[in-house]
Amino acid sequence: INKVLSHGPWPASTSPAKDPSNRASGNADAIEFGTRLFFDQRLSGDGKVACASCHVPERNWTDNIKRGVGIAEVDRNTPTVFNLRGSKWYGWDGAADSLWSQSLRPIVDSRELASSPRQIAQLIRGDDQLSCRYRKAFGAQPATDDETVFVNVGKALAAFQETLTSGRTSFDHFRDALSRGAPPTSWRYSETAQRGLKLFIGKGGCTNCHAGPNFTNGEFFNTGLTKNTSDPGRQAGIQRLAKSHLNLLGAFNDDTTGTSAARTRALSPAKENFGEVKVPSLRNLMLTTPYGRDGSIDTLADVVKHYATIDPVRLHAKDGQPAMPLNLSAREQSDLVVFLESLSTFSNPWRPEEDGPCR
């Protein structure tokens, strides 16, 4: 029972902690500013692409295509921006150590928004409504320094994305009933899903990676799920992060204690990091097809079939011991799929709000 209870409660907190590296975190004016920026196509080089072009609210904040398409197609699947608050690393390869720096990366990527700090700063300074909202969010008019304005745009975008939390699922109601000691007759959770849950926390070894209320430990592994063996993944992500002046070791980190930068300072790339990618959350998994870093897996059943033939413990061990594949039966695989489906909800409560003109 304790293993089941460890995957909740959800939402984890009604008053989540603010990001100490981002002074705009939790600021209502910054959230409103970031919301507008997220949907503004003028942030792109050609004025035709916005953050929301790939992270579509009605598609669980992703795009349901194999690989994202901005100005051009990229080489990885678009991850959802649901449930990002509290993560340690961002992106498939963890090349960002804060949500605000991750929010800036696609803006300047030539395949995504293909913009620049100069273009972004000029847009904010030149638009009365955006400059007004910038002032309300950060307490001053947009600076003459382009990069300062650019970074603050990332912090406003992060403040908005922190508010995006997926809804409660049938699993969450079952988990909470267990925590209250409610009798089985009140569970309203199918026996098939319960069998799948037992596999998930037991024989399947799924909780080695998909732990906690958000069903991810936030770390990196090479599971062999996708066929793109040339993607260096985490190894290159660590190298990119170390070189970035926007990481938490840099001047734009608002955390004066230095605590938030400790994990970045401790990083060092290693050859065993090659091909590793971040463990995704399993929440709303049904709505985020296709699967894998390159979107090469079409169905949830195919994902489970892949893991049914490997050893979840040996997958991450580096001691050279022989593997003992799970060899999940067809019924066990089906049960596991049903459980995973119970982690999704088709309710998307987010709706844009019109606050009127800024004054």
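Everything in this summary refers to the structure shown in the same document. Everything quoted here is computed from the prediction, not taken from an experiment.

Rules behind the numbers
Residues numbered from 1 in each chain as written. Predicted model: local features only at pLDDT ≥ 70, side-chain atom pairs only at ≥ 80, totals over all residues. Heavy atoms only, no water. Phe/Tyr/Trp six-rings, centres within 6.5 Å; stacked < 30°, edge-to-face > 60°. Helix = DSSP H or I, 4+ residues; strand = E, 2+ residues; numbered from the N terminus. Buried < 20%, exposed > 50% of the residue type's maximum accessible area, 1.4 Å probe, protein only. Lys NZ or Arg CZ within 6 Å of the ring centre and 35° of its normal. Salt bridge = Lys/Arg side-chain N within 4 Å of Asp/Glu carboxyl O.

Focus: the packing of aromatic side chains
1) Next: Under the definition given, this model contains 15 aromatic pairs.
2) Next: With centroids separated by 6.5 Å and ring planes inclined at 65 degrees, the aromatic side chains of phenylalanine 39 and tryptophan 61 adopt a geometry described as edge-to-face. Here phenylalanine 39, found in the loop between helix H2 (28–38) and helix H3 (99–108), pairs with tryptophan 61, found in the loop between H2 and H3; they are 22 residues apart in sequence, far enough to count as distant.
3) Next: Looking at phenylalanine 39, the relative accessible area reads 33%, which means it is partly exposed.
4) Next: With a centroid separation of 6.5 Å and an interplanar angle of 70 degrees, the aromatic rings of tryptophan 61 and phenylalanine 82 are classed as edge-to-face. With tryptophan 61 in the loop between H2 and H3 and phenylalanine 82 in the loop between H2 and H3, this pair connects stretches of sequence that are 21 residues apart. Each member of the pair, tryptophan 61 together with phenylalanine 82, is buried.
5) Next: Cation over ring: lysine 155 sits above tryptophan 100, and NZ or CZ is 4.8 Å from the ring centre.
6) Next: Taking NZ or CZ as reference, arginine 263 lies 5.6 Å from the ring centre of tryptophan 89, over its face.

So, the pattern of salt bridges
1) Next: Scanning all chains against the criterion turns up 26 salt bridges.
2) Next: Taking the shortest distance from any N to any O, the salt bridge between arginine 111 and aspartate 75 comes out at 3.7 Å. Placement of arginine 111 in the loop between H3 and helix H4 (117–126) and of aspartate 75 in the loop between H2 and H3 is noted, with a sequence separation of 36 residues between them.
3) Next: Across the pair lysine 155 and aspartate 254 runs a salt bridge whose closest N-O atoms are separated by 2.8 Å. Of this pair, lysine 155 sits in helix H6 (residues 146–161) while aspartate 254 is found in the loop between helix H9 (234–243) and helix H10 (262–265), placing the two residues 99 residues apart along the sequence.
4) Next: Here the residues in one salt-bridge network are Asp75, Arg105, Asp109, Arg111 and Glu112, joined through shared partners.

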